[in-house]
2 protein chains.
Amino acid sequence: MKLRYQNSYQTVPLQQVRIKDTFWTKYRKLVKDTVIPYQWEALNDRIKDAEPSFAIRNFKIAAGRIEGEFGGMVFQDSDVAKWLEAVGYSLSIQEDPDLEKTADEVIDLVVEAQHEDGYLNTYYTIKEPGKRWTNLYECHEMYCAGHMIEAAVAYYRSTGKRKLLDAMCRFADHIEERFGVEPGKIRGYDGHQEIELALIKLYQVTKNEKYLKLSQFFIDERGKDPHFFVEEWEERGKTTHWGGGIIPAPKYPTYNQAHVPVREQKEAVGHSVRAVYMYSAMADLVKFTNDESLYEACNRLWKNMINKQMYITGGIGSTYQGEAFTFDYDLPNDTNYAETCASIGLIFFAQRMLQLEAKGEYADAMEKALYNNVIAGMSVDGKHYFYVNPLEVLPEASEKDPGKRHVKPVRQKWYGCSCCPPNVARLIASLGEYIYTKNEDTLFTHLYIGSETNVTLAQGKVNLVMDSEYEWNGKVQISVNPEQTCSFTLAYRVPGWSSGVKFAVNGQEINPEIVDGYAYIHRQWHKGDQVELQMDIESHRLYAHPEVRANAGKTVLQRGPFVYCLEEADNGKTLGSIMLPAGALLMDRFDPLILDGVVIIEADAVKEEKSDWEQTLYRKKQKVLEQKRIKAIPYYAWGNREPGEMSVWIRERQ
Amino acid sequence: MKLRYQNSYQTVPLQQVRIKDTFWTKYRKLVKDTVIPYQWEALNDRIKDAEPSFAIRNFKIAAGRIEGEFGGMVFQDSDVAKWLEAVGYSLSIQEDPDLEKTADEVIDLVVEAQHEDGYLNTYYTIKEPGKRWTNLYECHEMYCAGHMIEAAVAYYRSTGKRKLLDAMCRFADHIEERFGVEPGKIRGYDGHQEIELALIKLYQVTKNEKYLKLSQFFIDERGKDPHFFVEEWEERGKTTHWGGGIIPAPKYPTYNQAHVPVREQKEAVGHSVRAVYMYSAMADLVKFTNDESLYEACNRLWKNMINKQMYITGGIGSTYQGEAFTFDYDLPNDTNYAETCASIGLIFFAQRMLQLEAKGEYADAMEKALYNNVIAGMSVDGKHYFYVNPLEVLPEASEKDPGKRHVKPVRQKWYGCSCCPPNVARLIASLGEYIYTKNEDTLFTHLYIGSETNVTLAQGKVNLVMDSEYEWNGKVQISVNPEQTCSFTLAYRVPGWSSGVKFAVNGQEINPEIVDGYAYIHRQWHKGDQVELQMDIESHRLYAHPEVRANAGKTVLQRGPFVYCLEEADNGKTLGSIMLPAGALLMDRFDPLILDGVVIIEADAVKEEKSDWEQTLYRKKQKVLEQKRIKAIPYYAWGNREPGEMSVWIRERQ
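Counting restarts for each chain, with residues numbered from 1 along the sequence as it is written. Chains and ligands are labelled sequentially in the order written, the chains with letters from A and the ligands with numbers from 1. Only residues with pLDDT of at least 70 are given local features in this predicted model, and only at 80 or more are side-chain atom pairs given and counted; all residues enter the totals for whole chains, interfaces and linings. Each side-chain value is derived from all of the structure's non-hydrogen atoms; neither hydrogens nor water enter the calculation.

Chemist: Explain the overall build of chain A here, please?
Modeler: Secondary structure counts use DSSP, requiring at least four H or I residues in a row for a helix and at least two E residues in a row for a strand, with both numbered from the N terminus. Counting its regular elements, chain A contains 19 helices and 24 strands. By the compact-globule yardstick of 26 Å for 654 residues, chain A fits well, its C-alpha radius of gyration being 25 Å. Whether a residue is buried, partly exposed or exposed follows from its accessible area with a 1.4 Å probe, protein chains only, as a fraction of its type maximum: under 20%, in between, or over 50%, in that order. For chain A, the residues scored as buried account for 64% of the 654 residues in total. Areas reported here follow the Shrake-Rupley algorithm with a probe of radius 1.4 Å; residue values treat only the protein chains shown as occluding. Only carbon and sulfur atoms are counted for the fraction: they give 47% of the accessible area of chain A, which is about 22,900 Å². None of His or the chain ends enter the tally, which takes Lys and Arg as positive and Asp and Glu as negative. All charge positions are set by atom: Lys at NZ, Arg at CZ, Asp at CG, Glu at CD. Charged side chains in chain A number 78 positive and 93 negative. The centres of these two groups are separated by 2 Å. Between the two quantities, the radius of gyration covers C-alpha atoms and the globule rule is 2.2 Å times the number of residues to the power 0.38.

Chemist: What should I look at first to understand the packing of aromatic side chains in this one?
Modeler: Think of a pair of aromatic rings as described by two things: how far the centres are apart, and how the planes are tilted against each other in angle. Each Phe, Tyr or Trp ring (for Trp, its six-membered ring) is paired with any other whose centre lies within 6.5 Å, and the angle between the two planes then decides the class: stacked below 30 degrees, edge-to-face above 60, tilted in between. A complete count under the given rule lists 78 aromatic pairs over all chains for this structure. Aromatic side chains W24 of chain B and Y371 of chain B sit 5.3 Å apart centroid to centroid with 70 degrees between the ring planes, which places their arrangement in the edge-to-face category. A residue pair is termed long-range when its members are at least 10 positions apart, and W24 of chain B in helix 1 (residues 24-43) and Y371 of chain B in helix 15 (residues 360-376) qualify at 347 residues. Charge over a ring is defined by NZ of Lys or CZ of Arg lying within 6 Å of the ring centre and within 35 degrees of the ring normal. Looking at R523 of chain A, its charged tip hangs above the ring of W525 of chain A, at a distance of 5.2 Å from the centre.

Chemist: Just checking my understanding: could you explain the relation of the copies chain B and chain A for this structure?
Modeler: For the pair of chain copies, the relating transformation is a rotation about an axis with a translation along it. Each copy is superposed on the other by least squares, with the fit set by C-alpha atoms of residues at a pLDDT of at least 70 in both. Rotating chain B by 180 degrees about the axis while translating it 0.0 Å along that axis superimposes it on chain A, leaving an RMSD of 0.0 Å. Such values leave the two copies arranged in the relation of a two-fold axis. Closest approach to the rotation axis within chain B is made by the C-alpha atom of Q654 of chain B, at a distance of 3.4 Å. By the convention used here, residues are in contact when the closest approach between their heavy atoms is within 4.5 Å. In this assembly, 100% of the residues forming the interface of chain B have copies in chain A that are likewise at the interface, indicating an isologous arrangement.

Chemist: How should I be thinking about helix 17 (residues 420-429) of chain A in this particular structure?
Modeler: In an α-helix, one full turn covers 3.6 residues, which means residues spaced three or four apart are oriented alike. Residues and elements named next belong to chain A. Burial of helix 17 is extensive: 10 of the 10 residues sit out of reach of the surface. For helix 17, the set of buried residues is C420, P421, P422, N423, V424, A425, R426, L427, I428 and A429. Each element contacted by the buried residues of helix 17 is listed here: helix 1 (24-43), helix 3 (77-93), helix 7 (141-159), helix 12 (272-289), helix 14 (340-353) and helix 15 (360-376).

Chemist: Can you help me understand the sheet that holds strand 2 (residues 17-19) of chain A in this one?
Modeler: Across a sheet, paired strands are connected by hydrogen bonds in the backbone, their directions being either parallel or antiparallel. All names here are of chain A. Sheet architecture is open: 7 strands sit in the order 2-6-7-8-14-10-11, paired in antiparallel fashion. What marks the edges here is a single partner per strand, and that holds for strand 2 and strand 11 (508-510). The sheet shows a mean angle of 25 degrees between the axes of neighbouring strands, direction not considered. Inspection of the sheet shows strand 7 (residues 460-469) paired to strand 8 (residues 475-482) by 8 bridges, in the antiparallel sense. Counterpart to L464 in the pairing with strand 8 is V480. The pairing criterion is simple: DSSP has to find at least two bridges between the two strands. Axes here mean lines fitted to C-alpha atoms, for a helix over just the part in contact, with angles spanning 0 to 180 degrees between N-to-C directions.

Chemist: In this structure, what is going on with the interface of chain B and chain A? I would like to understand it.
Modeler: By convention, interface size is frequently given as the accessible area that disappears when the constituent parts associate. Listed per partner, the contact involves 64 residues of chain B and 64 residues of chain A. Of the roughly 5,300 Å² buried between chain B and chain A on both sides combined, carbon and sulfur atoms contribute 55%. By definition, a salt bridge exists where a carboxyl oxygen of Asp or Glu is found within 4 Å of a side-chain nitrogen of Lys or Arg. At the surface where chain B touches chain A, the tally comes to 4 salt bridges. A salt bridge links E547 of chain A to K610 of chain B; the shortest N-O distance between them is 3.2 Å. Counting only elements with at least two residues in the side of chain B that touches chain A, the list comes to helix 13 (292-308), helix 16 (395-400), strand 15 (540-544), strand 21 (618-619) and strand 24 (650-653) of chain B. We define buried area as the total accessible area lost by two parts upon association, computed with a 1.4 Å probe and summed across both.

Chemist: In this structure, what is going on with the pairing of strand 24 of chain B? I would like to understand it.
Modeler: Sheet faces and side chains relate simply in a regular strand, where the side chains alternate between the two faces. Residues and elements named next belong to chain B. Taken together, the 2 bridges between strand 16 (residues 554-559) and strand 24 define a ladder with antiparallel strand orientation. Residue T555 lies in a different strand from strand 24, and its bridge partner there is I650. Relative to strand 24, strand 18 (residues 578-581) runs parallel, the two sharing 3 bridges. Counted as the bridge partner of P581 is R653 from strand 24.

Chemist: What am I meant to see in the environment of F288 of chain A here?
Modeler: Residues and elements named next belong to chain A. You can see F288 is positioned in helix 12. Residue class for F288 comes out partly exposed when judged on its relative accessible area of 28%. Between the C-alpha atoms of F288 and A145, which are 143 residues apart in sequence, the distance is 22 Å. If near-sequence neighbours (up to four positions away) are discounted, F288 is found in contact with I200, Y203, Q204 and L212.

Chemist: Could you clarify how one ought to interpret the pattern of salt bridges in this entry?
Modeler: Think of it this way: side chains of opposite charge can pair up when their charged atoms draw near. Residue and element names in this part refer to chain A. Scanning the model with the defined rule gives 98 salt bridges over all chains in all. For K101, the salt bridge identified is with E105, shortest N-O distance 3.1 Å. Here K101 pairs with E105, and both are found in helix 4 (residues 97-113), just 4 residues apart, close to one helical turn. Looking at K101, the relative accessible area reads 52%, which means it is exposed. E105 sits in the partly exposed class, given a relative accessible area of 40%. In this structure, D334 and K404 form a salt bridge, with 3.0 Å as the shortest nitrogen-oxygen distance. In this pair, D334 sits in the loop between helix 13 (292-308) and helix 14 while K404 sits in the loop between helix 16 (395-400) and helix 17, placing the two residues 70 residues apart along the sequence. Through salt bridges with shared partners, a single ionic network connects E567, D570, D591, K631 and R641.

Chemist: Help me understand the confidence of the model for chain A, please; the structure alone is not making it clear to me.
Modeler: It should be kept in mind that the predicted coordinates are not to be read in detail where pLDDT is low. Predicted confidence across chain A gives a mean pLDDT of 95, with 98% of residues reaching 70 or more. ipTM for the predicted complex: 0.94, alongside a pTM of 0.94. Each residue gets a pLDDT score, which is the predictor's confidence in that residue and runs from 0 to 100.

Chemist: Teacher, can you tell me more about the sheet that holds strand 13 (residues 518-525) of chain A here?
Modeler: Residue and element names in this part refer to chain A. The strand order across the open sheet built from 6 strands is 1-4-5-9-13-12, with neighbouring strands paired in mixed fashion. Each end of this open sheet is capped by a strand with a single partner; those strands are strand 1 (10-11) and strand 12 (513-515). Of the strand pairs in this sheet, strand 12 and strand 13 are connected by 3 bridges, and their pairing is antiparallel. Bridge pairing in strand 13 places E513 opposite Y520.

Chemist: How do you make sense of unusual backbone geometry when you look at a structure like this?
Modeler: Phi is mostly negative for residues that are not glycine, and the peptide bonds are mostly trans. Note that the residue after D225 of chain A, namely P226 of chain A, is joined by a cis bond; omega there is -10 degrees. In this structure, P226 of chain A sits in the loop between helix 10 (209-221) and helix 11 (228-235). One non-glycine residue, D45 of chain B, lies in the positive phi region at around 60 degrees. In this fold, D45 of chain B is placed in the loop between helix 1 and helix 2 (55-62). Looking at D45 of chain B, the relative accessible area reads 29%, which means it is partly exposed. Non-glycine residue Y252 of chain B carries a positive phi angle of around 40 degrees. Its place among the elements puts Y252 of chain B in the loop between helix 11 (228-235) and helix 12 (272-289).

Chemist: Teacher, can you tell me more about the side chain of K554 of chain B here?
Modeler: Residues and elements named next belong to chain B. With respect to the helices, strands and loops of the structure, K554 is situated in strand 16. One buried charged side chain, K554, makes no salt bridge at all; its nearest oppositely charged neighbour is E392, positioned 4.4 Å away. Apart from residues lying up to four places away in sequence, K554 is in contact with N333, E392, L542, Y543, W649, I650, R651 and E652.

Chemist: What am I meant to see in the packing of helix 8 (residues 163-178) of chain A against helix 9 (residues 195-206) of chain A here?
Modeler: Helix packing geometry: the angle between the two helix axes and the distance between the axes. All names here are of chain A. Packing of helix 8 against helix 9 brings their axes to within 12 Å, and their N-to-C directions diverge by 120 degrees. By the angle between their directions, the pair helix 8 and helix 9 is classed as oblique. In this structure, helix 8 crosses over helix 9, and the sense of that crossing is left-handed. Where helix 8 approaches helix 9, its residues L165, M168, C169, A172 and I175 are matched on the opposing element by I195, L199, L202, V205 and T206. Grouping the constituent residues of the contact of helix 8 with helix 9 by class yields 9 nonpolar, 1 polar and no charged. Throughout, the term roughly parallel applies to angles under 35 degrees, roughly antiparallel to angles over 145, roughly perpendicular to angles from 65 to 115, and oblique to all others. It is the rotation of the near helix from the far one that decides the hand of a crossing: anticlockwise by less than a right angle makes it left-handed, clockwise makes it right-handed. In this classification, Asp, Glu, Lys and Arg are treated as charged, Ala, Val, Leu, Ile, Met, Phe, Trp, Tyr, Cys and Pro as nonpolar, and every other residue, Gly included, as polar.

Chemist: Can you walk me through the pairing of strand 13 (residues 518-525) of chain B in this structure?
Modeler: Looking at chain direction, strand 9 (residues 486-493) of chain B and strand 13 of chain B are connected through 8 bridges and run antiparallel. Bridge assignment links C486 of chain B to a residue of strand 13 of chain B, and that residue is W525 of chain B.

Chemist: How do you make sense of the packing of helix 10 (residues 209-221) of chain B against helix 12 of chain B when you look at a structure like this?
Modeler: Residue and element names in this part refer to chain B. Where helix 10 contacts helix 12, the two axes come as close as 10 Å, and the packing angle between them is 125 degrees. By the angle between their axes, helix 10 is oblique relative to helix 12. Classified by chirality, the crossing of helix 12 by helix 10 is left-handed. Residue-level inspection shows L212, S215, Q216 and I219 of helix 10 in contact with helix 12, the latter providing M278, A281, M282, L285, F288 and T289. Taken together, the residues that form the contact of helix 10 with helix 12 break down as 7 nonpolar, 3 polar and no charged.

Here it is as structure tokens:
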């Protein structure tokens, strides 16, 4: 029987990809020079006027170095883990003895806080000793474990140092002794998925199948009847971590994607970060266990999320209540969540699906999330962040409508619950892992990020230098340098947004076969061969499915990988009263004054007059229109000038 | 100095107006024959599958007739009061010995539950004896008192029976002994305004100025520094009624309109029912105290509310969080509150402003709220109610979006917190009081509700018989029957929605002077004179101010006093994908099959095709349009067929 997917694709490790890109190098520099040091200050509670983190302090208390009370959220440990993970990636890219020394010291501290039996969690060590594993539903013990495992793997891979890795193996061993189907073990799983994907990374680096099986156990067990969260809740006296009182039974919680077993899940539901972390682990398991029923679930959940529940910016999570998915086509622009972390999780999921299937839809969504929702999450100074990435903002609403208090018109310094900033850092620091996948004889390019890369195919080693002006000019040039002339395939993604891509090899135009969004160029490659790609990068409009009520009658501007938006700074107030005529020409030009320079789109639109309205709220006379030149900027660049209105979707006049 | 208003207008008492109207008689019959009996069953917890009320039971416990625990909300007493008030009005209209006997028994029970010193509140009697007047911020003691006072006045006016009135005078006396500026008294006021307007009714019926002054004290004291709610909160140990824990200080609570003194309030803020009950009392006080600064506040708050914060259906309250106003032009259609009670309070306020000024804007808003938001609150069977009156409904959203759970697509049987049903009942039962005001020589007609009325002007007694086909045909005919031929003025409101009104007296067309929305017909009137009014009742479109983002690009259909809406039952799903071309003809016809028969509006519109979309969520190709005949029904009639989508605002294709 033929599998519906191939699982022969591998990522090209971070260590083999050296990014040098006009667009991304500044982000990577920002992460290295600003974000990682700034977050270190934050973890140590040294950012003025920001909510304290308590994260390092908690480890010091747990390690017995100082005395004090636990501070912050129950999952505060994970911020240290994500920081360490980002440091790990960063050290892969560039040596930094001072940073490495700091990280080693943090690792010493973390290991000091670990118990004899391998257990590690500062909350339970400091605040509720003896209560460990009694509230997996709410208390994130395995979530924190998972992040520290990811950190250990990243740090080991870049530095070769095993201290944290060994410690995390001991922790994973401890968990494996306590959890499983065997008699005496707990048949449970965490309320916040994360350890599942982390254990697979641990398996990949240690080759110890125990970790793969433990991950599989957590995925298989989830959502089964009798329900673990209910049994656990009864056992601990029906209490909740949040306030301590008695709560009703957590029956079939969609919030945690534990409402039914994962293979029976048909739609993306619940807390969106939890969802995509889980889907990522599921896709990983397909790769390593060839479980077709799990693949079917991944495929179904992917399609539902991407085709029914994803914002055009690559954001997911339509409501702040539970930071969650709601239902098909429910994509409100001004009350959404679209958490930065959730889009990062979507990228994780896409990257794993690309290891099962070479389909452009995965890389298209990955790119969409990366270039829009994710980088919008961070300010140009690397010190201010959005959790929530709205598609429409009215500052007065954020202030006066309680249903929009979560929508911040200005990026914040640091959050008490600070998952997003270190998540952005670790993604950008590990971006090299998202550019390529390969199988025996084909190298797939998913993202056009300028870089020098060394890969080994069956036919031999190949060096590739990609020069990219992808973002603003749609132009990419690759020097292909096989160690010896040999024949293999280079497969290039044809972006979903592009009406066409021109390919040339050594200056000769070619027409490669395009299958599932990839152009396959198979030939004998000689050292110095040049591949050129020119995407059709014309500004264009997009429309949403008629069932998306929030976008009825509206259009969105896109150019290259970027979705555009209108800001008050360029277009004045009352953005909702602007209409773009269906036939209006979209004029783009480079504007060096916005951020470090972006391509803006201008068009002749109309705007409804306010001056003839006086005091009435409703009237019979149609609105009077005036001419209005509008100017749109890439969404990721919004909110970096004076605070004001913002809108991604623009009304269209037909 | 000339006052900016005249305060010489009086309402025509209920007892002098006998309604006999094609549209309203069925509602009044419904209230008398169904709503009042049904609510009596509800107050006695005899409605199957509905949340129990506990209201009568609480009084029985407080009276010592039975034993038990207090049930329901802290303000549950008010439901009994509102029911009694409705019974009072109902008995004014038509004798009903059985109902009167039941009411007398309830009054006996209420008075039995009253304390020796006049205090009455079953919550504090049963559950927290000794704690009375310790949490006015949250516990509604005076709110309940106010409703029982209103009931007492209504019952006394219709039956002449003083038992409840005397009891409520004792209660008011007790309150007056405890509250005031004098040393030893509490300088406080209730968290939920209501007693202020009730005390003025008590003053009107008893002529005891003490009650007027007490009302004035509550209004004057509100929002002053040092803040009463903070002082009270400190005194009771900073606790909250809701759950018992410690809460932060209730500083400058806009929710309760106690953020600044009332004369400094510039915008309608906070809980909308509280707001309009307070504004009503303020307008009453202007009438009886000639306080110009208070008039200025009323005028300002009225204008803000009507011109910046009112739904086209006469609903107020843009958010369910706090059931509150938000900010100017923030009028979301699908997450709003627009509580039935709030529109009733708006009508109270308008009726009082009409006693200060004869301006059509007050009656226009009163009519809008009455014919749309208010009667939409009740089903045609009188047994199902909406609290929340949305302008756009998608049943799936109500189910799956936590931010829309308050938006019910189907009217509910009864609510645990059941303020709205008895409020509708008392308004409809007292509707006769809203039709007219008069001064010495002019009778103003605000609402065209068919009725026979006897009024006394300076020139003598006049009988008027109004035959109205106002709602569907815009036609009104009045027989004017002065006891003796004499000259006076009849002033008729020219509805804001009408492009013109034709007037005739005894078949002769006349062109009366129109001032501030009233046509003044001054002449010698003879018995049997006939006045005829024919409004231009053509279906038309309305547009919202360009700053109302929710209605950008949309239009609404109106005919006569009714705002129209589209329902799924007539137009299929995905109402947001319908567009009404700007030039499309609006065709109206009477449809006897909807409710008891309504005029519907049809038009040739277009609808976006879904069939050519396959699985994509976003695409470059514009949506394809198909022809679609749409059918709109009056908003008040929505939700009486199978549950489905509903939308008031329709996208317009320009």
